[in-house]
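One-letter residues, chain by chain:
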Amino acid sequence: MLSVKALFTEYPNERGETVKAAQDVSFEVPEGKLFTLLGPSGCGKTTTLRSIAGLEKPRAGEIAVGGRVVYSSKKGTFIMPNKRNFGMVFQSYAIWPHMNVFQNAAFPLEVGKARMSRQKIEEKVMRVLATVGLDHLADREATKLSGGQQQRLALARALTMEPKLLLLDEPLSNLDAKLRERMRFELKRLQRELKLTTVYVTHDQSEALALSHEIAVMNEGRIVQIGSPRDIYERPQDRFVAEFVGSANFLDATVLGREEQADLYRVQTAIGQLVCFAVEPLKPGDRVVISLRPEDVYMSAQRPETANAYEGVVDAKLFLGEFIEFQIKLAGTLLLARVHPSFSPVVGTTVHVGMNPEKCVAIPDADRRGAA
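Calculation rules
- Residues numbered from 1 in each chain as written.
- Predicted model: local features only at pLDDT ≥ 70, side-chain atom pairs only at ≥ 80, totals over all residues.
- Heavy atoms only, no water.
- Helix = DSSP H or I, 4+ residues; strand = E, 2+ residues; numbered from the N terminus.
- Buried < 20%, exposed > 50% of the residue type's maximum accessible area, 1.4 Å probe, protein only.
- Contact = heavy atoms within 4.5 Å.
- Areas by Shrake-Rupley, 256 points an atom, 1.4 Å probe, with all protein chains shown as cover.
- 1 Å grid on protein atoms, 1.4 Å probe; cavity = no way out; pocket = protein on both sides within 12 Å on 5 of 7 lines; lining within 4 Å.
- Points joined across faces, edges and corners; volume = space filled by probe spheres on them.
- Nonpolar A, V, L, I, M, F, W, Y, C, P; charged D, E, K, R; others polar.
- Salt bridge = Lys/Arg side-chain N within 4 Å of Asp/Glu carboxyl O.
- Phe/Tyr/Trp six-rings, centres within 6.5 Å; stacked < 30°, edge-to-face > 60°.
- Core = buried A, V, L, I, M, F, W, Y, C linked by side-chain atoms within 4.5 Å.
- Axes fitted to C-alpha atoms, helices over the stretch in contact; angles between N-to-C directions.
- Parallel < 35°, antiparallel > 145°, perpendicular 65-115°, else oblique.
- Left-handed = near helix turned anticlockwise from the far one by under 90°.
- Pairing = 2+ DSSP bridges.

Chemist: Explanation requested: the overall build of the chain in the structure shown.
Modeler: Along the chain, the regular secondary structure elements total 8 helices and 21 strands. Within the span of the chain, comprising 372 residues, buried residues form 48% of the whole. Contacts in the chain between residues far apart in sequence, at least 24 positions, make up 63% of those at least 6 positions apart. Within the structure as shown, the chain displays about 18000 Å² of accessible surface, and the carbon and sulfur contribution to it stands at 49%.

Here you go:
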C-alpha cells in the first residue's frame, strides 16, 4: 500500500519566486489498485508523482510503500530514487534508440544491483514482452516501433524490475485518439492481471474515469475531492470538480427547505423551483449551485413524470452522431441537453424538459452560510 501524508513540495521558478506545487497532499492507494491524480496543467499532480518517485525532495510530509518509509521530513529520511524499486513511465517514453526491443526491456536488469544470469534475464524479459504483446518484436529496432508499441515497450521496461509501485505520468498523451482508446484497455487489463499498485497522472478526464479505481482531483496544489470515478462524476463536491470532469449545467439557487425523502431539498432557481440532491445537510436560506450533467436533462413531447418538469424552447441544436446537443431556453436561462437522435425537434419548438432530482447536485457556495 502507498501512503502519502501531508506532502508539501515547493520550488523556485525562473524569477526566484516560490511555486507551491503540492500543498498538504494526503491519500492512500491499496495494494493492487490504480489511483489517478487528475487536474489541469500546473495543479501539482506531476510534482506529487515525482515526489513519490524521489525525483523531487518535498519540504514536508511522509511517503511510505508497504510500510517502508521512503521519505519523512520528521525522521529525516530520504531514500534515493534508484533504491525505491519503483517503475516509472514518462510522457516521453525515453526509449533507447541504439537498442532493440529486447535490449531496452532488459536494460534495468543488466544495470541493477542484483546480478542475474543471461538465461534468467532472457526468461524474465521475454515473459514481460509477451505480457505487453511485443515478444514477436524482440529483435526489432526500437525506433521502428509505432507509438503504441513504444508505449508498451516503456511499460515493459518498467515491469521487468518487478516494481513495488508503478508510476505513470501522462503515458498516453502522445498517441492519437483511436490508439489512446485502445491503449486504455491494454493498460487496464495489464494493471488488473498483474495486480500492480499504480499511481497514474493525467489531465484527461475520460482517461481517469476509464482506468481508475479511485481518483483525486487536484487544483492549485491541493486535492479538492477523492472518490470513485462514479462518485467524482455524479457527486461532485466542488464547482471546479463538476466543471473539470465532464460538462455540466450550473444554476444558482437558494434553499427553501427539505423534502420528505432523505438528502433531497427544494430550492429556488432562475427556472423556478427545483428538487435536488445534497451530500451534506443544508438549511433554508443557504445559497448553493446546482450541477446537472447534459445527459441528465430529459426532453420529450409530453410532460415527464418527475418533480422537476418544465416547458422550454429549442434555441439551438448540434448533430454529433451518437447524440444531439440542444440548447434549451427555460425562463430566459439556457440549458445544455444531450439526447438520442431519435428525438430531434426543430429550433423554435416548445418541448417538455425533465430532470431527475437525484441528478441535480447541490454544491454549497463558499459563503452560503451568510445567506441564512
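That shown, we press on.
Chemist: It is not clear to me how the layout of surface pockets should be interpreted in this structure. Could you clarify?
Modeler: Empty space among the atoms becomes apparent when a probe as large as a water molecule is rolled across them. Volume-wise, the second largest pocket comes out at about 200 Å³. Taken together, M1, E31, V65, G66, R68, P163, K164, L165, K195, L196 and T197 make up the full set of residues lining the second largest pocket. Residue classes in the lining of the second largest pocket are distributed as 5 nonpolar, 2 polar and 4 charged.

Chemist: What am I meant to see in the pattern of salt bridges here?
Modeler: Once their charged atoms are close, side chains differing in charge can pair, the charge on each being opposite to the other. Following the criterion strictly, the structure yields 18 salt bridges and no others. For K359, the salt bridge goes to E234, with nearest N and O atoms at 3.6 Å. Taken together, the positions of K359 in the loop between β20 (350-355) and β21 (361-364) and E234 in helix α7 (residues 229-234) put the pair 125 residues apart, joining distant regions of the chain. In this structure, the salt-bridge partner of E358 is R235, at a minimum N-O distance of 3.4 Å.

Chemist: What is the right way to look at the packing of aromatic side chains in this model?
Modeler: Counted according to the given criterion, the structure contains 4 aromatic pairs. Between the aromatic rings of F27 and F35, the centroid separation amounts to 4.6 Å while the plane-to-plane angle is 10°, which identifies the pairing as stacked. Just as F27 is buried, F35 falls in that class too. For the ring pair W96 and F107, a centre distance of 5.4 Å and an interplane angle of 55° mean the geometry is tilted. Note that W96 is positioned in the loop between β7 (86-89) and α2 (101-111) and F107 in helix α2, a separation of 11 residues in sequence.

Chemist: What should I look at first to understand the nonpolar core in this one?
Modeler: Buried together is how nonpolar side chains tend to be arranged in soluble globular proteins. Counting 35 residues, the largest nonpolar core has V125, L129, L153 and L155 as the members making the most contacts within it. At the level of elements, α2, α3 (118-131), α4 (147-159), β8 (165-169) and α5 (177-194) are the ones that each hand at least two residues to this core. Top contributing element to this core by residue count: α4, with 6 residues. Once residues lying within four places of it in the same chain are set aside, the contact partners of L153 are I95, V101, N104, A105, L129, L134, A142 and L145. Judged by nonpolar contacts, the second largest core, of 29 residues, contains C276, A278, L335 and V351.

Chemist: Would you mind going over the packing of α4 against α5 with me for this structure?
Modeler: When two helices pack together, their arrangement is given by the angle between the helix axes and by the axis-to-axis distance. One way to put it is that α4 packs onto α5 with a least axis distance of 11 Å and a crossing angle of 20°. One way to sum up the angle between α4 and α5 is to call them roughly parallel. Remark: the crossing between α4 and α5 carries right-handed chirality. Mapping the contact onto sequence places G147, G148, Q151, R152, L155 and L159 in α4 and L179, M183, L187, L190 and L194 in α5. Partitioning the contact of α4 with α5 into residue classes produces 7 nonpolar, 3 polar and 1 charged.

Chemist: Looking at this structure, I do not really get the sheet that holds strand β6 (residues 77-78). What am I missing?
Modeler: Each strand in a sheet pairs with its neighbour through backbone hydrogen bonds, running either in the same direction (parallel) or in the opposite one (antiparallel). The antiparallel open sheet is built from 5 strands, whose spatial order is β2-β1-β4-β5-β6. Either end of the sheet is taken by a strand with one partner, and the two such strands are β2 (18-29) and β6. Looking at chain direction, strand β5 (residues 68-72) and β6 are connected through 2 bridges and run antiparallel. Bridging from a neighbouring strand, Y71 pairs with F78 of β6. Seen against the sheet, helix α1 (residues 45-53) touches β1 (2-12), β2 and β4 (60-65) and runs at an angle of roughly 115° to β1.

Chemist: I'm lost on the environment of T254 in this one. Help?
Modeler: Following the sequence through the fold, T254 ends up in strand β12 (residues 249-258). Spatially, the C-alpha atom of T254 lies 5.3 Å from that of Q268, the residues being 14 residues apart in sequence. Residue contacts for T254: discarding those within four places in its chain leaves R266, V267, Q268, G285, D286 and R287.

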